[in-house]
Amino acid sequence: MTSLPPGFYALPLPILQLSLAAVLKCGQSFRWSAYPLQVKSEDPSMPTHEYRFCLRDRVVCLRQTPTDILYRTALPEPQPSATQQKLHEAETLLWLKDYFQLAIDLKLLYNDWGSRDKVFLSIKERFSGIRMLRQDPWETLISFICSSNNNISRITKMVQNLSKEYSPPLLSLPVPDGSGIEETYHPFPPPSALAKPDVSSRLRSLGFGYRAEFIHQTAKMLVDSHHGGKTHPQESSEPSELWLLTLRGYTTENARTELLTFRGVGRKVSDCILLMSLDKTDVVPVDTHVHQIAIKHYGMKGSAKGKTNMTPKLYEEVCTKFVQVWGQYAGWAHSVLFTSDLKSFALHGLPEASDPPTIQKGRNKRERDQDEITATTNAEGSASPAERVKKRARKRRTSPE
DNA sequence: GGCTGACCCTTC
DNA sequence: AAGGGTCAGC
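Worth saying up front: this structure is predicted, and the values here are computed from it rather than measured. Every chain begins its residue count from 1, and numbering advances along the sequence as written. Labels follow written order: the first chain is A, the first ligand is 1, and so on. Where local features are concerned, this predicted model is filtered to residues with pLDDT of at least 70; where side-chain atom pairs are given and counted, the filter is 80 or more; whole-chain, interface and lining totals use all residues. To obtain the side-chain values, all non-hydrogen atoms of the structure were used and water was disregarded.

Caption draft 1: Region of the structure containing the domain arrangement of chain A. Throughout the structure description, domain borders are defined by an automatic or database domain assignment. Split into domains, chain A comes out as domain 1 (1-103), domain 2 (136-175 + 182-280) and domain 3 (282-346). In short, buried area is how much 1.4 Å probe accessible area vanishes from two parts on joining, totalled over both. In total, about 810 Å² of surface goes out of reach between domain 2 and domain 3, with carbon and sulfur atoms giving 67% of it. Counting the surface domain 2 buries against domain 3, the share from its top three residues, Arg-267, Lys-268 and Leu-275, is 58%. The working definition used for a salt bridge is a side-chain nitrogen of Lys or Arg within 4 Å of a carboxyl oxygen of Asp or Glu. Linking domain 2 with domain 3 are one salt bridge, by the criterion used here. The partner of Glu-316 in a salt bridge is Arg-267, with the nearest N and O atoms 2.5 Å apart. Each polar contact in these results corresponds to two N or O atoms within 3.5 Å; when the atoms are within protein, one needs to be able to donate a hydrogen and the other to accept it, and residues that are neighboring in sequence are counted only if both atoms are side-chain atoms. For the pair domain 2 and domain 3, the interface holds four residue pairs in polar contact (both at pLDDT 80 or more). Here a helix means four or more residues in a row that DSSP labels H or I, a strand means two or more in a row labelled E, and each is numbered from the N terminus. For the side of domain 2 that touches domain 3, the secondary-structure elements that each account for two or more residues are α11 (252-259) and α12 (267-277).

Here's what the structure looks like:
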């Protein structure tokens, strides 16, 4: 790196430790914008994209080279002095280290997972730099309520609409491709904004479907039980947001129990929140897709084509299996497999298991032979004795009060 | 307890 | 017609 783009600072970081392109658009966070940059040369050390994320008080802009993360902080008017700007950049750097969990050595984890599991070994070189983000629990809660029965592109639109509708614009910036077009950025709205009376009907008209009520009820529940409204303009978190943050100090089981009290939050969504915002590194959220991976490559029971009903019992079995295979950071490993399968999915069409030709978009056989996940079933029957399924009573209201 | 259908909306 | 689930009702 000889010269930095104007306003940017460099944080040295091998690309093996973090791939922004892979991590920011794979269904962990739904609020990053990506902008292609004009690349004049084919110099592979030049960034191809800029990524932006709106925090409560600033917009963080990132680019990546093979050796560095380039970062820049955009602040609302009035323009700060040079020294003020520097202070903000220092804060942004701290945020980056926390948000991307840079103290965790991903290379070490990849090696560990690869030594434990040959399926992982077969894909690790091709899908490097995929790590878990440490997101804000409130934003993660609402985002993943949106995720039920849904796909990444629609979830992304919904979360953007939510921010646009329920939090005021923070600032505008020209998009980095030089077209001169400006884009306006909104922070994620606080709980009090989504707890207001007519939120659910508005969300419905914005295309949230049945999730509209879930979001409203969840926000209201939080605000009501934590003395919640906001009294001061902005800048600070609301009590319920701070309370959600304290779940990081709970055991996984206790934190999950709390999460399950919210409307629209079942086992899968709660596990996403635990893994992606509450430091529960071994939690593996099991959706139908992950279940399919477990069947195809890890010898779990269930028909690979027909849809097996995901019962709580089966869910636990799949979870347990992955923790056995990958260990303490199973949830992190799962996201690598999940991402690799997403890509191979986009590339090769539906996964198949045995004989019946799943009619689907032409291609199959030939390309599947070079499919992303190729290793044999690292089977070994599901021999897991100890399974204290510590069932906790779900304290969910049956009727609104 | 475990199983079923409904639920919004988008897309293969 | 089914999807990266959850809820209510048997």
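That covers the picture; the talk isn't over yet.
Caption draft 2: Layout of the sheet that holds strand β1 (residues 9-12). Taken in spatial order, the five strands of this open sheet run β1-β5-β4-β3-β2, and their pairing is antiparallel. Each edge of the open sheet is held by one strand with a lone partner, namely β1 and β2 (33-36). In this sheet, adjacent strand axes meet at a mean angle of 25° when their direction is disregarded. Across four bridges, β1 lies against strand β5 (residues 68-74) in antiparallel orientation. Residue pairing for β5: Ala-10 is matched across the bridge by Leu-70. Here helix α2 (residues 82-99) sits on the sheet and contacts β1, β3 (49-54), β4 (59-64) and β5; the angle it forms with β5, its principal contact strand, is near 130°. By this definition, two strands are paired if DSSP reports at least two bridges between them. With axes taken as lines fitted to C-alpha atoms, and helix axes fitted only over the stretch in contact, angles between N-to-C directions fall between 0 and 180 degrees. By the convention used here, residues are in contact when the closest approach between their heavy atoms is within 4.5 Å.

Caption draft 3: A look at the protein's contact with DNA strand B. One heavy atom within 4 Å of a molecule or strand makes the whole residue count as near it. Residues in contact with DNA strand B amount to 10 residues; listed here are only the nearest, Arg-154, Arg-204, Arg-211, Asn-309 and Thr-311. The separation between a base oxygen of DNA strand B and a polar side-chain atom of Arg-211 is 3.0 Å. Between DNA strand B and Asn-309 there is a distance of 3.0 Å, counted from a phosphate oxygen to a side-chain nitrogen or oxygen. Partitioning the surface near DNA strand B into residue classes produces one nonpolar, five polar and four charged. Only Asp, Glu, Lys and Arg are considered charged in this grouping, and only Ala, Val, Leu, Ile, Met, Phe, Trp, Tyr, Cys and Pro are considered nonpolar; every other residue, Gly among them, is considered polar.

Caption draft 4: The arrangement of helix α14 (residues 312-326) in detail. Helix length check: α14 (15 residues) gives 21 Å between terminal C-alpha atoms against 21 Å at 1.5 Å per residue, within 8%. Counting buried positions along α14 yields 11 of 15 residues, so the element is predominantly enclosed. Residues of α14 that are buried include every one of Leu-314, Tyr-315, Glu-316, Glu-317, Val-318, Cys-319, Thr-320, Lys-321, Phe-322, Val-325 and Trp-326, and no others. Any helix carries an expected span of 1.5 Å times its number of residues minus one. Only protein chains enter the area calculation, which uses a 1.4 Å probe; residues under 20% of their type maximum are buried, those over 50% are exposed, and those in between are partly exposed.

Caption draft 5: Up close: the pattern of salt bridges. As enumerated under the stated definition, the model contains 17 salt bridges in all. Two residues, Glu-213 and Arg-204, come together in a salt bridge whose shortest N-O distance is 2.9 Å. Taking relative accessible area as the criterion, Arg-204 reaches 44% and is therefore assigned partly exposed.

Caption draft 6: Just unusual backbone geometry, in detail. The residue after Glu-77, namely Pro-78, is reached through a cis peptide bond having omega -5°. Tracing the chain through its elements places Pro-78 in the loop between β5 and α2. In this structure, Asn-149 is a non-glycine residue whose phi angle is positive, near 50°. Structurally, Asn-149 can be placed in the loop between α5 (137-145) and α6 (152-166). Residue classification places Asn-149 among the exposed residues on the basis of a relative accessible area of 70%.

Caption draft 7: Geometry of α2. Given a rise of 1.5 Å per residue, 18 residues ought to cover 26 Å, and the 25 Å separating the end C-alpha atoms of α2 matches this to within 8%. Turning to α2, its buried residues are Gln-85, His-88, Glu-89, Thr-92, Trp-95, Leu-96 and Tyr-99. An end-on view of α2 places all buried positions within 120° of arc, on one side of the element. Seen from the buried face of α2, the exposed residues on the opposite side, beyond 90 degrees, are Thr-83, Lys-86, Leu-87 and Leu-94. Residues of α2 that are buried sit in contact with β1, β3, β4 and β5. Read the arc as the range of directions from the helix axis to the C-beta atoms.

Caption draft 8: Molecular detail of the nonpolar core. By size, the foremost hydrophobic cluster in this structure holds 72 residues, and its most contacted members are Trp-113, Trp-138, Leu-141, Ile-142 and Trp-326. It is α14 that contributes the most residues to this core, seven residues altogether. With residues near it in sequence (within four places) discarded, Trp-326 still touches Asp-112, Trp-113, Arg-116, Asp-117, Phe-120, Tyr-298, Ala-333, His-334 and Leu-337. Here the nonpolar core consists of buried residues drawn from Ala, Val, Leu, Ile, Met, Phe, Trp, Tyr and Cys, with membership extended through side-chain atoms lying within 4.5 Å. Within the second largest apolar cluster, 19 residues are counted, among which are Leu-13, Val-23, Leu-55 and Leu-96.

Caption draft 9: The packing of aromatic side chains, seen in detail. Only Phe, Tyr and Trp rings are paired, with Trp represented by its six-membered ring, and only when their centres lie within 6.5 Å; those with planes under 30 degrees apart are stacked, over 60 edge-to-face, the remainder tilted. Scanning all chains against the criterion turns up 19 aromatic pairs. Aromatic pair Trp-113 and Phe-120: ring centres 5.4 Å apart, planes at 75°, arrangement edge-to-face. Among the residues examined, Trp-113 registers a relative accessible area of 0% and is labelled buried. By relative accessible area, which is 0% here, Phe-120 ends up buried. Note on criteria: charge over ring means Lys NZ or Arg CZ within 6 Å of the ring centre, with the direction from the centre no more than 35 degrees off the ring normal. A cation sits over an aromatic face here: Arg-31 above Phe-53, 4.4 Å from the ring centre. Against the face of Tyr-35 rests Arg-52, its NZ or CZ located 5.0 Å from the ring centre.

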